[in-house]
Amino acid sequence: ITLATGAPLDASKLKITRNPNPSKPRPNEELVFGQTFTDHMLTIPWSAKEGWGTPHIKPYGNLSLDPSACVFHYAFELFEGLKAYRTPQNTITMFRPDKNMARMNKSAARICLPTFESEELIKLTGKLIEQDKHLVPQGNGYSLYIRPTMIGTSKGLGVGTPSEALLYVITSPVGPYYKTGFKAVRLEATDYATRAWPGGVGDKKLGANYAPCILPQLQAAKRGYQQNLWLFGPEKNITEVGTMNVFFVFLNKVTGKKELVTAPLDGTILEGVTRDSVLTLARDKLDPQEWDINERYYTITEVATRAKQGELLEAFGSGTAAVVSPIKEIGWNNEDIHVPLLPGEQCGALTKQVAQWIADIQYGRVNYGNWSKTVELP
Ligand SMILES: Cc1ncc(COP(=O)(O)O)c(C=O)c1O
């Protein structure tokens with residue numbers, strides 16, 4: 001990634017305008033994902049002439065844009081999603097923000113929006129969290145969802161490189177995805193719509209990737225399935241599920257070894273931070289005598305066949321919102337492929353283990369790598 005020309009993004013230029021009406025934290029049980037926001041937002045303007053302007057933390061509120069702004073017409077928009085957690089020591093940490101910033105820069109570069117200094121945006125996001133620290137919820141499963149966004153704001157209907165942009169960050173206190181423990185989902189293996197394709201932008205977090213995926217989800221829902229399992233190509237490769245990466249666990253009955261599989265990063269798969277965390281932890285912690293961990297192509301036919309042979313052990317989606325989302329059934333070819341769950345539970349053994357490993361790191365109960373970035377609080 002080459003950084004945008006002009007002034008670099010500089011956190012030391014930050015200006016803060018306090019919200020005169022600070023809100024009270026809502027009770028945990030009232031937190032609904034992405035519905036309420038904190039008192040402040042961060043905005044940073046950019047122009048081709050000047051580069052990055054003054055970062056400003058100010059009261060959360062509407063944006064004012066020209067109706068011809070390129071974001072409204074040609075989808076110059078990208079975003080990120082990450083979370084901050086309150087630890088038992090009452091510190092606040094962000095989970096692997098460097099990964100999100102790197103991905104955000106890749107998304108920006110792909111649609112000719114300006115790149116930025118990742119470390120500076122991490123610092124500024126920390127300052128934003130500091131302003132609203134009283135709204136970061138406490139408790140297992142509770143966190144502050146952080147939504148960095150970048151839009152092209154140039155006026156005019158000519159299709160071209162935006163000469164003006166706005167980077168902004170909003171945050172939302174959120175509760176656990178599964179309020180009463182895991183709930184395994186039913187998926188429809190979808191080959192009548194395609195989420196991403198070779199040479200496309202499926203590996204970038206562009207808003208334009210998301211709107212076209214709602215109609216297929218409604219179609220699947222009509223048939224009783226919560227999410228689409230996105231297939232690709234004549235081989236019907238398994239790629240992702242809904243807006244998550246997806247993992248399958250197979251048993252090789254000949255060798256007795258288990259295999260954790262997910263699709264390779266070939267440009268059609270979003271480079272999920274949770275996906276990377278699952279792979280890293282699995283490679284680190286699972287016994288290589290018992291486990292193979294593979295990023296490889298695999299098809300719905302392989303899943304269907306191996307399920308019939310008793311070689312399908314479990315399956316789960318991975319993403320920031322839910323961390324892991326267990327799968328219990330997959331509709332394909334007018335049949336349901338059954339995915340085993342632990343007796344009396346809503347997930348498989350590895351799914352449960354992975355959820356625990358990641359939660360322990362996110363909530364600061366376990367130190368791992370440099371994955372937790374502490375927010376400096378005065
Ligand atoms: C299409 C898609 N795949 C996968 C993911 C999971 O990525 P992450 O683990 O970084 O949240 C997301 C979003 O979060 C996504 O939108």
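In what follows, the accompanying structure is described. No experiment lies behind these values; they were computed from the predicted model shown.

1. Some words on the pairing of strand β15 (residues 291–295)
Link 1 in the chain: In this structure, strand β14 (residues 258–262) lies alongside β15, joined through five bridges in parallel fashion. If you follow E259 over to β15, its bridge partner there is D292.
Link 2 in the chain: In this fold, the crossover linking β14 to β15 by way of helix α5 (residues 273–285) has right-handed handedness.

2. Section: the nonpolar core
Link 1 in the chain: Core analysis: the biggest nonpolar cluster contains 34 residues, and F116, L121, I129, M150 and L167 have the highest contact counts within it.
Link 2 in the chain: When contributions to this core are tallied by element, the ones reaching two or more residues are β2 (40–47), β6 (82–86), β7 (92–95), α2 (97–110), α3 (118–131), β8 (143–152) and β9 (164–174).
Link 3 in the chain: The contact partners of F116, leaving out residues within four places of it in the chain, are L3, L9, W52, M101, M104, N105, L121, M150 and L167.
Link 4 in the chain: Judged by nonpolar contacts, the second largest core, of 26 residues, contains L281, L286, A359 and W371.

3. With respect to the environment of A307
Link 1 in the chain: In this fold, A307 is placed in helix α6 (residues 300–308).
Link 2 in the chain: Judged by relative accessible area, which is 25%, A307 ranks as partly exposed.
Link 3 in the chain: Between the C-alpha atom of A307 and that of F250, which follows or precedes it by 57 residues, the distance is 8.8 Å.
Link 4 in the chain: Excluding residues that lie within four positions of it along the chain, A307 makes contacts with L312, I337 and H338.

4. Re unusual backbone geometry
Link 1 in the chain: Even without being glycine, C112 reaches a positive phi, approximately 55°.
Link 2 in the chain: Mapped onto the elements, C112 comes out in the loop between α2 and α3.
Link 3 in the chain: C112 sits in the partly exposed class, given a relative accessible area of 43%.

5. Points about the site of the ligand
Link 1 in the chain: As a structural note, the neighbourhood of the ligand is formed by 15 residues, with Y210, E240, V273, T274 and T320 the closest of them.
Link 2 in the chain: Between K205 and the ligand, the recorded distance is 3.2 Å, taken from a side-chain N or O atom to an oxygen atom.
Link 3 in the chain: T274 has a polar side-chain atom sitting 2.6 Å from an oxygen atom of the ligand.
Link 4 in the chain: Here the ligand has 380 Å² of accessible area as a free molecule, and 95% of this is covered by the chains.
Link 5 in the chain: Among the detected pockets, the ligand sits in the largest pocket.
Link 6 in the chain: Counting only elements with at least two residues in the shell around the ligand, the list comes to β13 (244–251), α5 and β16 (312–319).

About the criteria used
- Residues numbered from 1 in each chain as written.
- Predicted model: local features only at pLDDT ≥ 70, side-chain atom pairs only at ≥ 80, totals over all residues.
- Heavy atoms only, no water.
- Pairing = 2+ DSSP bridges.
- Helix = DSSP H or I, 4+ residues; strand = E, 2+ residues; numbered from the N terminus.
- Right-handed = clockwise from strand over helix to strand, strands pointing away.
- Core = buried A, V, L, I, M, F, W, Y, C linked by side-chain atoms within 4.5 Å.
- Buried < 20%, exposed > 50% of the residue type's maximum accessible area, 1.4 Å probe, protein only.
- Contact = heavy atoms within 4.5 Å.
- Near = heavy atom within 4 Å.
- Polar contact = N/O pair within 3.5 Å; in protein donor to acceptor, adjacent residues only side chain to side chain.
- Areas by Shrake-Rupley, 256 points an atom, 1.4 Å probe, with all protein chains shown as cover.
- 1 Å grid on protein atoms, 1.4 Å probe; cavity = no way out; pocket = protein on both sides within 12 Å on 5 of 7 lines; lining within 4 Å.
- Sits in = over half its atoms within 2 Å of the grid points.

Geometry only, nothing functional implied.
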